[in-house]
Amino acid sequence: MSPKDAPPPLPEPLRVAVADSHTHLDMQEGTVEEGLRKAASVGVTTVVQVGCDVKGSQWAADTAAQYDAVHAAVALHPNEAPRIVLGDPDGWSRQGARVPGGEPALDEALAEIDRLAALPHVKAVGETGLDYFRTGPDGMAAQERSFRAHIEIAKRRGKALVIHDREAHADVLRILREEGAPERTVFHCYSGDAEMAKECAEAGYFMSFAGNMTFKNAQHLRDALAVAPLELVLVETDAPFLTPAPYRGRPNAPYLIPVTVRAMAAVRGITEDAMAEALAANTARAFAY
């Protein structure tokens, strides 16, 4: 294993336990037990496991039922909806090539998400939203229909809504206004600027910051974190992606949350304990656990 692929070392443990508000244990190396044990050893005692398709959402729900430290979020990722409707000839989504299923296939998948969203250990509907980075104009209608359906499910089931927003800020905010956002709405891997953070704050949306807020080129994220109300800020890994500096490019996992928490505390000019206390309370409030 080259050093670039090696898992980063264990950080100094946090003194105040926090939650990883967004992770993908099913895409990480090693067993769930190992991942949770490693995370707990540095003060990351709770994780929100997020589904991106029907299969992954079922896995998230099953895993949350099995482990007290895991809560589930279930959804069709914004890039999944167009694949269901239009097909996926390249098999990019880890499921091999898929044929177009049309609108009925999307209805069927949404019905499965709705069924899972009713389970008590499923705390959120997500990650849903819009992604204009990977989906072209042909897929936008399916994405938007799926997003609106997820908002409705979250409200009807009384669950938090977890949003994936990539290069689609204005449309995401507009659709939330049009549909009426659920009481608890989380922008996962917050990617907007300080201006948008003020807009999210006014609407009472939570903003979850990932390891990319430590990247050299991410001053806009640090500016957003600086102005976001502390009571609306969460932390996440989005593991195995977005590993914080100085480990960028190596595999991410929940045990690396302390690296990001310390970077966030520095941006806010508060102690790491104060940051961790706020994050722990906010995540419990956001996901109602």
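For the structure itself, look to the data block above.
If you're wondering where the values come from, they're calculated on a predicted model, not measured in any experiment.

Trainee: Teacher, can you tell me more about the side chain of Asp238 here?
Mentor: Note that Asp238 resides in the loop between β8 (233–235) and α9 (257–268). Despite its burial, Asp238 pairs with no opposite charge; the closest candidate is Arg166, at 8.4 Å N-O. Polar contacts involving the side chain of Asp238 include one to the side chain of His24, which spans 3.1 Å. Setting aside residues no more than four positions away along its own chain, Asp238 makes contact with His22, His24 and His188.

Trainee: Sorry if this is basic, but what is going on with the packing of helix α8 (residues 219–227) against α9 here?
Mentor: The angle between the axes and the distance between the axes are what describe a pair of packed helices. Viewed as axis vectors pointing N to C, α8 and α9 meet at an angle of 65 degrees, and their least axial separation amounts to 9 Å. One finds that α8 runs roughly perpendicular with respect to α9. Helix-helix and strand crossings are classified by hand; for α8 and α9 the assignment is right-handed. On α9, the residues touching Arg222, Leu225 and Ala226 of α8 are Met264, Val267 and Arg268. Along the lines of polarity and charge, the residues of the contact of α8 with α9 split into 4 nonpolar, no polar and 2 charged.

About the cut-offs
- Residues numbered from 1 in each chain as written.
- Predicted model: local features only at pLDDT ≥ 70, side-chain atom pairs only at ≥ 80, totals over all residues.
- Heavy atoms only, no water.
- Helix = DSSP H or I, 4+ residues; strand = E, 2+ residues; numbered from the N terminus.
- Buried < 20%, exposed > 50% of the residue type's maximum accessible area, 1.4 Å probe, protein only.
- Lys, Arg positive; Asp, Glu negative; His and termini not counted.
- Salt bridge = Lys/Arg side-chain N within 4 Å of Asp/Glu carboxyl O.
- Polar contact = N/O pair within 3.5 Å; in protein donor to acceptor, adjacent residues only side chain to side chain.
- Contact = heavy atoms within 4.5 Å.
- Axes fitted to C-alpha atoms, helices over the stretch in contact; angles between N-to-C directions.
- Parallel < 35°, antiparallel > 145°, perpendicular 65-115°, else oblique.
- Left-handed = near helix turned anticlockwise from the far one by under 90°.
- Nonpolar A, V, L, I, M, F, W, Y, C, P; charged D, E, K, R; others polar.

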